[in-house]
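# Coordinate analysis (summary)
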Amino acid sequence: MDRETQLQLFRNFIENCTTVAKSVRNYSDFKRINECISSLLPDKSILDFDDPVEFESIINKLKNLSIFVKYNKQGNNQYSNTIEYYLRFLKAKKMFSKKEDSISDKKVSIFPLQQIFYGAPGTGKSHKIKEQTKGQSVIRTTFHPDSDYSTFVGAYKPTTKSVELRDVSGHKIIEDGKEVKEDRIVYEFVAQAFLQAYILAWKSYSQPTDEGVVKPQYLVIEEINRGNCAQIFGDIFQLLDRDDNGFSKYEITSDADLQKYIAEQNLAVSGVCDSHGKDISDKINSGELLKLPNNFYIWATMNTSDQSLFPIDSAFKRRWDWKYVPIDINKENWTIKTATKEYSWSSFLQKINDEIDDTTHSEDKMLGFYFCKADDNVVDADKFVNKVLFY
């Protein structure tokens, strides 16, 4: 794996570690650490290590270097903390890599396959997902009270199709040297967000890189609690149970419409077995059985101030990892500008959130830094009144 990919994987890893010190992220560029490693192993980078045993063998040597001791002291031990997290990353990566005798030799990512980013409004939940999925294949959808299985998975819908006109003998009608056509309303199966991502995930699974790495496919659901999840997911709910290799533990039988659509997609899946070790690749390709592959990520956002819209039951909750996104007002400061005065956006948030906390005893109703979008770092009076005061 190249250094750039390894670095991105590590940064994603520490981003998903709830206990990681914030300063560790600041040292994840490894510049000074690599300077120390080069004194031991010329032209070697920490990102060249993929085996935790091999890396562990040089950690003690690294920590005893005078130059490393110097940097580590200056950084309040964050350099040693960073390499410890890198060791944890290598161990996790190895643990989640499949063995040769498992369902497939394609590698599994070390990151949560299903997770919900939750927090108060304006904390940057969608932005965090956007950053972590940058450069990847992403299908995005938003749940709302009218969402249902057909708008999430797919259904037959009327579409306009141009058809050739023929005479009573069945011959094409030609006028001025051109075939005569007319638009007609026909019903065709239209795949929605889930099915689109499902097809792309299996196609990526069937075409790994030369290193055996399968490219991930993301399905991002914004505002997951604004829809009735039980109604929207239907029997797909059962697919959310994943085994140790990242595949659905239990397959489900799809209906005739889904089977027909999937069979036309030429998935070319091979080497996929059920929980009893029986090869079911043909049934996946034909659409008879549905099963999530281990490169299919379903990530969602949930605004905790809107929990009352559609409560999520415990059976659904336990099938997800939960990533809390806290309120952080210590970002680039914005200005609230009125006709005659200017105020600090961060200072306002601190004051108003203290008031909300005193009133509600909950963070759910507080305002995140990105509650409203500033233009050139300015929140004008109209936006402040219409968005902030209205809320």
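Here the structure is a predicted model, which means the values were calculated and not measured.

So, how was this worked out
- Residues numbered from 1 in each chain as written.
- Predicted model: local features only at pLDDT ≥ 70, side-chain atom pairs only at ≥ 80, totals over all residues.
- Heavy atoms only, no water.
- Helix = DSSP H or I, 4+ residues; strand = E, 2+ residues; numbered from the N terminus.
- Polar contact = N/O pair within 3.5 Å; in protein donor to acceptor, adjacent residues only side chain to side chain.
- Contact = heavy atoms within 4.5 Å.
- Phe/Tyr/Trp six-rings, centres within 6.5 Å; stacked < 30°, edge-to-face > 60°.
- Buried < 20%, exposed > 50% of the residue type's maximum accessible area, 1.4 Å probe, protein only.
- Expected span 1.5 Å × (residues − 1).
- Arc of directions from axis to C-beta.
- Core = buried A, V, L, I, M, F, W, Y, C linked by side-chain atoms within 4.5 Å.
- Pairing = 2+ DSSP bridges.
- Axes fitted to C-alpha atoms, helices over the stretch in contact; angles between N-to-C directions.
- Parallel < 35°, antiparallel > 145°, perpendicular 65-115°, else oblique.
- Left-handed = near helix turned anticlockwise from the far one by under 90°.
- Nonpolar A, V, L, I, M, F, W, Y, C, P; charged D, E, K, R; others polar.

## Section: the side chain of S248
Inspection of the secondary structure puts S248 in the loop between α10 (229-233) and β8 (252-253). Separated by 2.9 Å, the side chain of S248 and the backbone nitrogen of L292 make a polar contact. Ignoring any residue separated from it by four or fewer positions in sequence, one finds S248 in contact with L239, D241, R242, D243, K291 and L292.

## Examining the packing of aromatic side chains
For the coordinates displayed, the defined rule picks out 36 aromatic pairs. A ring pair is formed by W202 and F247, whose centres lie 6.4 Å apart and whose planes are at 40 degrees; its orientation type is tilted. Taken together, the residues W202 in helix α9 (residues 193-205) and F247 in the loop between α10 and β8 connect sequence positions 45 residues apart. Using a relative accessible area of 0% as the deciding quantity, one classes F247 as buried. Ring centres 4.6 Å apart and planes at 50 degrees place the aromatic pair W334 and F369 in the tilted group.

## Description of α9
If you check α9, its first and last C-alpha atoms are 18 Å apart, about what 13 residues at 1.5 Å a residue would give, namely 18 Å. Of all the positions in α9, only A193, F194, L195, A197, Y198, I199, A201, W202 and Y205 are classed as buried.

## Quick look at helix α11 (residues 256-263)
Residues of α11 that are buried: L258, Y261 and I262. Mapping the buried residues of α11 onto a view down its axis gives an arc of 95 degrees, with all of them on the same face. Residues of α11 that are exposed and point more than 90 degrees away from the buried face comprise A256 and K260. Residue D255 occupies the N-cap position of α11, its side-chain oxygen lying 3.2 Å from the main-chain nitrogen of D257.

## What about the nonpolar core?
Membership of the largest hydrophobic core comes to 46 residues, with the highest contact counts inside it found for F194, Y198, L219, I224 and F233. Elements that contribute at least two residues to this core include exactly β6 (181-191), α9, β7 (217-222), α10, α11, β9 (289-290) and β10 (296-303). Broken down by element, the residue count for this core peaks at nine residues, all from α9. In terms of nonpolar packing, the next biggest core, distinct from the first, is built from 27 residues, I14, F30, F55 and Y79 among them.

## Here's the deal with the environment of S39
As for its placement among the helices and strands, S39 is situated in helix α3 (residues 31-40). For the pair S39 and L65, spaced 26 residues apart in sequence, the C-alpha separation works out to 9.0 Å.

## Quick word on the sheet that holds strand β13 (residues 342-344)
Ordered by their spatial adjacency, three strands build an open sheet running β13-β12-β14, and the pairing between neighbours is mixed. One side of each edge strand has no neighbouring strand; the edge strands of this open sheet are β13 and β14 (378-380). Along the sheet, successive strands turn relative to each other by an average axial angle of 30 degrees, direction set aside. Judged from the three bridges that link them, strand β12 (residues 335-337) and β14 form a sheet pairing that is parallel. Bridging across to β14, K337 finds its partner in D380. Sheet strands in contact with helix α14 (residues 345-360) are β12, β13 and β14, and its direction is about 60 degrees off that of β13. Where helix α15 (residues 381-389) meets the sheet, its contacts fall on β12 and β14, and the angle it forms with β14 comes to roughly 75 degrees.

## Points about the sheet that holds strand β1 (residues 114-119)
Note: strands within a sheet are paired through backbone hydrogen bonds, in either parallel or antiparallel orientation. Read across the open sheet, the five strands follow the order β2-β7-β10-β1-β11; overall the sheet is parallel. The sheet terminates laterally at β2 (137-142) and β11 (321-324), the two strands that pair on one side only. Each strand of the sheet is rotated relative to its neighbour by a mean of 20 degrees, with strand direction disregarded. On top of the sheet, helix α7 (residues 125-132) reaches β1, β2, β7 and β10; it is set at about 160 degrees to β10, its chief contact.

## Notes on unusual backbone geometry
A positive phi angle is found at D43, which is not glycine, with a value near 65 degrees. In this structure D43 comes out as exposed when scored by relative accessible area, which is 72%. Residue E223 is not a glycine yet carries a positive backbone phi of 55 degrees. Relative to the assigned elements, E223 resides in the loop between β7 and α10. Note on E223: relative accessible area 24%, which makes it partly exposed.

## Re the packing of α9 against α11
Two elements in contact, α9 and α11, have axes whose closest approach is 12 Å; the angle formed by their N-to-C orientations is 40 degrees. For the element pair α9 / α11, the angle class is oblique. Between α9 and α11 lies a crossing of right-handed hand. Contacts from L195, Y198 and I199 of α9 reach α11 at L258, Y261 and I262. Residue composition of the contact of α9 with α11, grouped by class: six nonpolar, no polar and no charged.

Read these as layout, nothing more, since geometry by itself doesn't imply function.
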